[in-house]
Amino acid sequence: DTAVSQTPKYLVTQMGNDKSIKCEQNLGHDTMYWYKQDSKKFLKIMFSYNNKELIINETVPNRFSPKSPDKAHLNLHINSLELGDSAVYFCASSQASGMGLPLHFGNGTRLTVT
Amino acid sequence: AQSVSQHNHHVILSEAASLELGCNYSYGGTVNLFWYVQYPGQHLQLLLKYFSGDPLVKGIKGFEAEFIKSKFSFNLRKPSVQWSDTAEYFCAVNQGSGTYKYIFGTGTRLKVLA
């Protein structure tokens, strides 16, 4: 039983295209996140949703738009992809919003923009 | 702004050697502290966490970490590493109740030689 699942695992696309990454968690958690891990392994938070409400929106280009249809799902849509968007994107979730409990990560989506 | 520093970027050890990875954070209030491990090509997994109480916490796979409040540090230790410990290690901080943001350090790449 995968707790936090992301699809697709790999995504190769050309500059200018629009793509989406999906994330689902079956842990019953309230809060979900998107993190970007660059080529140097640095993890940077992008967005967070708590019970479908956007609570963290870091300095991310407007081309990135998260959507949370329900608290078990958090998708990431990226418009007009650029070379610099190439990275591994991790979805994560946590229980008991705001209580600082551990994050549970998905397996990541490796995005390559050519 | 809150930050997390991991001073050792790359560490190479022989099997059975002892390990200590440094982690310092900049926030002066109550914090929740975490160490995550990322094996090659995999997602981040929780090694251990500190919320309160005994500052010496034990995690999985023989890892432990010590919270020293006066030094704003949460160093990770293992008495005897194994080849299978080869991975990237991340320290993370959450400011506790009411906050949703988890800040990650830049990671330490550990290579254990057989």
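Structural data are supplied above this passage.
Just so it is clear, the structure is predicted and the values come from calculations on it, not from any experiment. (Residues numbered from 1 in each chain as written. Chains lettered and ligands numbered in written order. Predicted model: local features only at pLDDT ≥ 70, side-chain atom pairs only at ≥ 80, totals over all residues. Heavy atoms only, no water.)

A. Geometry of the overall build of chain A. Within chain A, the secondary structure is distributed over zero helices and 11 strands. Helices and strands in chain A line up, N terminus first, as β-β-β-β-β-β-β-β-β-β-β. Radius of gyration (C-alpha) of chain A: 13 Å, near the 13 Å computed for a compact globule of 114 residues. Its C-alpha atoms give chain A principal-axis dimensions of about 40 × 30 × 25 Å. The contacts of chain A with a sequence gap of at least 6 include a subset with a gap of at least 24, amounting to 53%. Accessible area of chain A: about 5,500 Å², with a carbon and sulfur share of 47%. Here chain A holds 12 positive side-chain charges and 10 negative ones, and the gap between their average locations is 6 Å. (Helix = DSSP H or I, 4+ residues; strand = E, 2+ residues; numbered from the N terminus. Rg over C-alpha atoms; globule rule 2.2 N^0.38 Å. Contact = heavy atoms within 4.5 Å. Areas by Shrake-Rupley, 256 points an atom, 1.4 Å probe, with all protein chains shown as cover. Lys, Arg positive; Asp, Glu negative; His and termini not counted. Charge placed at Lys NZ, Arg CZ, Asp CG, Glu CD.)

B. Structural detail: the interface of chain B and chain A. Taken together, the 24 residues of chain B in the interface contact 25 residues of chain A. Together, the buried faces of chain B and chain A total about 1,900 Å²; carbon and sulfur atoms form 60% of this surface. Of all residues in chain B, Y100, Y102 and F104 of chain B give up the largest surface area on contact with chain A, accounting jointly for 34% of the area buried on that side. Linking chain B to chain A there are one salt bridge. With its nearest N and O atoms 2.9 Å apart, the salt bridge here joins E58 of chain A to K101 of chain B. The tally of links between chain B and chain A comes to six residue pairs in polar contact (both at pLDDT 80 or more). Only β5 (32-38), β6 (44-50), β10 (87-94) and β11 (102-104) of chain B provide two or more residues apiece to the side of chain B that touches chain A. Among the elements that take part in the side of chain B that touches chain A, β5 of chain B stands out by supplying four residues, more than any other. When its residues are assigned to classes, the side of chain B that touches chain A shows nine nonpolar, 11 polar and four charged. (Buried area = accessible area lost by both parts, 1.4 Å probe. Salt bridge = Lys/Arg side-chain N within 4 Å of Asp/Glu carboxyl O. Polar contact = N/O pair within 3.5 Å; in protein donor to acceptor, adjacent residues only side chain to side chain. Nonpolar A, V, L, I, M, F, W, Y, C, P; charged D, E, K, R; others polar.)

C. The arrangement of the state of the cysteines in detail. Residue and element names in this part refer to chain A. Tallying each qualifying case throughout the model produces two disulfides over all chains. Note on cysteine connectivity: C23 is disulfide-linked to C91, with sulfurs 1.9 Å apart. Residues C23 and C91 share a disulfide whose torsion about the S-S bond is about -80°; that sign makes it left-handed. In this pair, C23 sits in strand β3 (residues 19-25) while C91 sits in strand β9 (residues 87-94), placing the two residues 68 residues apart along the sequence. In this structure C23 comes out as buried when scored by relative accessible area, which is 1%. Accessibility expressed as a relative area gives 0% for C91, which makes it buried. (Disulfide = S-S within 2.5 Å. Buried < 20%, exposed > 50% of the residue type's maximum accessible area, 1.4 Å probe, protein only.)

D. Expanded view of the sheet that holds β3 of chain A. Residue and element names in this part refer to chain A. Across the sheet, which stays open at both edges, the four strands sit in the order β1-β3-β8-β7 with antiparallel pairing between neighbours. Where the open sheet ends on each side, the last strands, each with one partner, are β1 (4-7) and β7 (64-70). In this sheet, adjacent strand axes meet at a mean angle of 20° when their direction is disregarded. As paired elements, β7 and strand β8 (residues 73-78) share five bridges and run antiparallel to each other. Looking at β8, one finds that D70 is bridged to H73. (Pairing = 2+ DSSP bridges. Axes fitted to C-alpha atoms, helices over the stretch in contact; angles between N-to-C directions.)

E. Spatial organisation of the pairing of strand β5 (residues 43-50) of chain A. Residues and elements named next belong to chain A. Summarising burial for β5: seven of the eight residues are buried, a large majority. Pairing geometry for strand β4 (residues 31-37) and β5, over seven bridges, is antiparallel. What sits directly across from W34, in β5, is F47. Here four bridges tie β5 to strand β6 (residues 53-57), and the two strands are oriented antiparallel to one another. Pairing of N50 across the sheet is with E53, part of β6. The antiparallel hairpin formed by β5 and β6 contains two residues in its connecting segment, where N51 sits at a positive phi of about 50°.

F. Just the nonpolar core, in detail. Formed by 29 residues in total, the largest nonpolar core has its most connected members in W35, L48, F74, L76 and Y89 of chain B. Those elements that provide at least two residues to this core are β2 (10-14), β3 (19-21), β5, β6, β8 (64-68), β9 (73-78), β10 and β12 (108-113) of chain B. Of all hydrophobic cores here, the second largest spans 20 residues; its members include M32, F47, V60 and V113 of chain A. (Core = buried A, V, L, I, M, F, W, Y, C linked by side-chain atoms within 4.5 Å.)

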